[in-house]
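Residue-level structure breakdown
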Amino acid sequence: MLKDFEEHPTLIFVDRTHGTNRSRFSLISILVLDSRGGGTPVMQVVGSSESRSVLAPAFCILKEIA
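First, a word on what this report is: a plain description of the structure on this page. (Residues numbered from 1 in each chain as written. Predicted model: local features only at pLDDT ≥ 70, side-chain atom pairs only at ≥ 80, totals over all residues. Heavy atoms only, no water.)

Comments concerning a nonpolar patch on the surface
Let me state the cut-off plainly: Think of a patch as exposed residues, more than 30% relative accessible area, with no salt bridge, where like charges cluster within 9 Å and nonpolar side chains (Val, Leu, Ile, Met, Phe, Trp, Tyr) cluster within 5 Å. Exposure was quantified through the Shrake-Rupley algorithm and a 1.4 Å probe, taking into account, for residues, occlusion by the shown protein chains and nothing else. Salt bridges, as used here, are contacts in which a Lys or Arg side-chain nitrogen is within 4 Å of a carboxyl oxygen on Asp or Glu. Burial classes follow relative accessibility: with a 1.4 Å probe on protein chains only, a residue under 20% of its type's maximum area counts as buried, one over 50% as exposed, and anything between as partly exposed.
On the surface, a nonpolar cluster with roughly 220 Å² of combined accessible area is contributed by I12, V14 and F59. In this structure I12 comes out as partly exposed when scored by relative accessible area, which is 39%.

See the structure below:
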């Protein structure tokens, strides 16, 4: 997955599900739509919200990889 992201990053999607467990944590999925038109999941984040403090570290990691 990360190899595809490194080779063909063009568009990033963020999708969140919430309230699906007793702890009420959100599952945040980060996907890349590459130049070939395929969507590839590159990261999942479990957090208490979708705030900047939760997502910023994930995007820092993606930036380092890219």
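Having seen the structure, we can now continue with the description.
Notes on the environment of V54
The line we're drawing: Strands here are runs of E lasting at least two residues and helices are runs of H or I lasting at least four, both read from the DSSP assignment and numbered beginning at the N terminus. It only takes one pair of heavy atoms within 4.5 Å for two residues to be counted as in contact.
Looking at where V54 falls in the secondary structure, it is placed in helix α2 (residues 52-65). With 26 residues separating them in the primary sequence, V54 and I28 have C-alpha atoms 9.8 Å apart. In contact with V54, other than residues within four places in its own chain, are I28, V45, G47 and S49.

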